[in-house]
Amino acid sequence: MRLFNSVSRKKEDFVPLKPGAVGIYACGPTVYHYAHIGNLRAYIFEDILRRVLEMNAYQVRHVTNLTDVGHLTDDGDAGEDKMEKAKRREGKNSWEIAEYYIDALKKDWQSLNLKEPFARPRATAYIDEQIEIVKILEKKGYTYKISDGIYFDTSKIKDYGKIAMLDVENLQAGARVEINPEKKNKTDFALWKFSPKDSKRDMEWDSPWGVGFPGWHTECLAMSLHLLNGHKDYEHSEPFDIHCGGADLLPVHHTNEIAQSEALAGHKLAEYWLHNEFVVLAGDAKMSKSSGNFFTLSSLEEMGYHPLSYRYLCLGSHYRSKLNFSVQALEGAQRAYMKILNYMALPTKEKGKVNQKYGRLFSDALNDDLNVPKGLAVVWDLLKNEDVSLADTQATLLNWDAVLGLRLHEAKQVLQEIDELQTVPDNVKELAEKRWQAKKARNWEEADSYRDQVLSLGFVIEDMADNYKIKKNYGE
């Protein structure tokens, strides 16, 4: 199995730190809003990674966190906490905001058939641990205090910024973060932020330095090391296998996690760093909650698209490539997915066997840096091969679905769920009814004309004994 390591910028043979076992830490969401489909792509990629590791007989300990405090509105430790911003937007307190959007995330997680992580820790449950990390860094001489908090001195790390290949010497103020005149170096970052003196926050804690809240970059360090090392002796922690996240986390968040880990325990945080690319809209526009330019899983369902059709769309694009999202692309993905479901729903009396030849092609694709698009090409080659029996093809696809996660063993149920999502526009209903009346009057030419108009609008009429049903047209 080979994986593209963001540190080396190349594919590397995957060798776990402990034989047969793998620890994965994945940066989860800041729970101040609904997860958009760009966020969800990251979780689908991480789910595939876990499933491929399990395909290779590894026991996987997968941790993904929930940031419910400390993530500010810009990467330069300026602005306000995103939870406080959401509090003003919705008229709830920060704790209520967190609970609501965590519940929403769990529903999306289930809808996308993502495997449950070993742990889903909340940053607010690790305040003492984060304070302990800052105390150790302070003892070792990596911190300093300014008016708004305790900061990490990045000049003390010889190769700071290596994972993002940052040119720290020539980094211009504003190119990465807004410059704070009190900071010693423009790349220095907050470990502990002081609460504003003129107001009280919902989420704030006592610390040796004053009342405040943790910096975003320290949260992940505390949770990952504890849950993947199994202890809280941070100064004597060990690396874990894989750290995942979106490509946008490379230049700041992950760079700062690495810097703290090396200062804290004198070693790298993780052996392999994997990053997924963005979902982009027309004109290469990035999906963003702050701009309001995003789709949620619920909004796709309201448009008639099943969550697993979005999962299928993501599987068709390599995780290190941008995914160009459009409704037309999602429509095509749902059609393709339904063809597979319809094939899996065909009755067969035989008990099939997994086709070993195609099985090797599939596993080779997935073991080559999670090349799921190539794996899907193998799926379609198998479906087209008339020399392989229906029973063997179904058995093979069911075996592969342990990685794909498309609920192929419940094909009829998923098809019913897709059918229930369809909404038929009034003009289509009107044309279908005119066709039905023309058909009853034996005006066949007129009935065919109405049928063709319905087809042109993307729907098909399914006749029954004494009625009819209108369904979205997904082709052959």
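Structure: see above.
Here is what the cut-offs are and how they apply
- Residues numbered from 1 in each chain as written.
- Predicted model: local features only at pLDDT ≥ 70, side-chain atom pairs only at ≥ 80, totals over all residues.
- Heavy atoms only, no water.
- Pairing = 2+ DSSP bridges.
- Helix = DSSP H or I, 4+ residues; strand = E, 2+ residues; numbered from the N terminus.
- Axes fitted to C-alpha atoms, helices over the stretch in contact; angles between N-to-C directions.
- Parallel < 35°, antiparallel > 145°, perpendicular 65-115°, else oblique.
- Left-handed = near helix turned anticlockwise from the far one by under 90°.
- Contact = heavy atoms within 4.5 Å.
- Nonpolar A, V, L, I, M, F, W, Y, C, P; charged D, E, K, R; others polar.
- Buried < 20%, exposed > 50% of the residue type's maximum accessible area, 1.4 Å probe, protein only.
- Polar contact = N/O pair within 3.5 Å; in protein donor to acceptor, adjacent residues only side chain to side chain.
- Core = buried A, V, L, I, M, F, W, Y, C linked by side-chain atoms within 4.5 Å.
- Expected span 1.5 Å × (residues − 1).
- Salt bridge = Lys/Arg side-chain N within 4 Å of Asp/Glu carboxyl O.
- Phe/Tyr/Trp six-rings, centres within 6.5 Å; stacked < 30°, edge-to-face > 60°.

### Concerning the sheet that holds strand 13 (residues 323–324)
Spatial ordering of the open sheet is given by 12-11-13, a layout of three strands whose pairing is mixed. Among the strands making up the open sheet, the edge pair consists of strand 12 (285–286) and strand 13.

### Things to note about the packing of helix 5 (residues 216–229) against helix 6 (residues 250–265)
Where helix 5 contacts helix 6, the two axes come as close as 9 Å, and the packing angle between them is 60°. Judged by the inter-axis angle, helix 5 sits oblique to helix 6. In this structure, helix 5 crosses over helix 6, and the sense of that crossing is right-handed. Of the residues in helix 6, those touching helix 5 at W216, H217, T218, C220, L221 and L225 are V252, H253, N256, E257, Q260, S261 and L264. Across the contact of helix 5 with helix 6, the residue classes break down as six nonpolar, six polar and one charged.

### Quick look at the packing of helix 10 (residues 356–367) against helix 12 (residues 390–404)
In the contact formed by helix 10 and helix 12, the axes pass within 11 Å of each other and the chain directions differ by 10°. Here helix 10 lies roughly parallel to helix 12, going by the angle between them. Contact with helix 10, carried on its side by Y358, G359, F362 and L366, involves W400, V403 and L404 of helix 12 and no other residues of that element. Class assignment of the residues belonging to the contact of helix 10 with helix 12 gives a composition of six nonpolar, one polar and no charged.

### Some remarks on the pairing of strand 3 (residues 21–26)
Each regular strand shows side chains that alternate between the opposite faces of the sheet. Within strand 3, five of the six residues are buried, which leaves the element mostly enclosed by the surrounding structure. Here strand 3 pairs with strand 4 (residues 59–64) via six bridges, running parallel. Paired with Y25 across the strands is V63, a residue of strand 4. Where strand 3 and strand 9 (residues 240–246) come together, three bridges link them in parallel fashion. In the strand pairing of strand 9, I24 is matched with I242.

### Digging into the environment of D452
When you line up the elements, D452 lands in helix 15 (residues 444–456). Within the structure, the side chain of D452 is placed 3.1 Å from the side chain of R451, a separation counted as a polar contact.

### Overview of the nonpolar core
Among the nonpolar cores identified, the biggest contains 82 residues, and L49, L53, I242, L274, Y310, F325 and V379 are the most heavily contacted of them. Top contributing element to this core by residue count: helix 1 (residues 37–55), with 10 residues. With residues near it in sequence (within four places) discarded, L53 still touches M1, F14, V22, I24, Y58, V60 and I242. One finds A119, L228, A263 and A270 within the second-largest nonpolar core, a separate group that totals 47 residues.

### Things to note about helix 12
With 15 residues, helix 12 extends 20 Å from end C-alpha to end C-alpha; this agrees with the ideal 21 Å at 1.5 Å per step. Within helix 12, burial applies to A391, T393, Q394, A395, T396, L397, W400, D401, V403 and L404. Those residues of helix 12 hidden inside the fold are in contact with helix 1, helix 8 (307–315), helix 9 (327–344), helix 10 and helix 11 (372–384). Following helix 12 by one or two positions, G405 has its phi on the positive side, about 70°.

### Focus on the pattern of salt bridges
Following the criterion strictly, the structure yields 35 salt bridges and no others. When salt bridges with common partners are traced through the structure, they connect D47, R51 and R311 into a single cluster.

### Concerning unusual backbone geometry
The phi torsion at R9 lies on the positive side, around 60°, for a residue other than glycine. Inspection of the secondary structure assignment puts R9 in the loop between strand 1 (2–5) and strand 2 (10–13). For R9, a relative accessible area of 31% puts it in the partly exposed group. At R442, a residue that is not glycine, the phi angle is positive and equals roughly 60°.

### Remarks on the packing of aromatic side chains
Under the criterion given, the structure shown has 16 aromatic pairs. Relative to Y101, the ring of Y100 lies with its centre 4.9 Å away and its plane at 90°, an arrangement referred to as edge-to-face. Given the relative accessible area of 5%, Y101 is considered buried. Considering the side-chain rings of F362 and W400, the 4.4 Å spacing of their centres and the 0° angle between planes classify their relative orientation as stacked. Of the two residues, F362 is situated in helix 10 and W400 in helix 12; the sequence distance between them amounts to 38 residues. As far as the burial class goes, F362 and W400 line up, both buried.

### Looking at the environment of A104
By the secondary structure assignment, A104 is in helix 3 (residues 94–111). The spacing of A104 and Y34 is 70 residues in sequence and 6.8 Å in space, taken between C-alpha atoms.

### Some words on the pairing of strand 6 (residues 149–152)
Here strand 5 (residues 143–146) runs beside strand 6; their pairing, made up of four bridges, is antiparallel. Within strand 6, the position partnered with T143 by the bridge is F152. Count of turn residues in the strand 5/strand 6 antiparallel hairpin: two residues. The pairing of strand 6 with strand 7 (residues 189–194) spans four bridges and is classified as antiparallel. Each residue of the ladder has a partner; that of G149, found in strand 7, is K193.

### Comments concerning the side chain of E417
Considering the arrangement of structural elements, one finds E417 in helix 13 (residues 411–421). There is a polar contact of 2.7 Å between the side chain of E417 and the side chain of H306. Every residue in contact with E417, bar those within four places of it in the chain, is listed here: H306 and R407.

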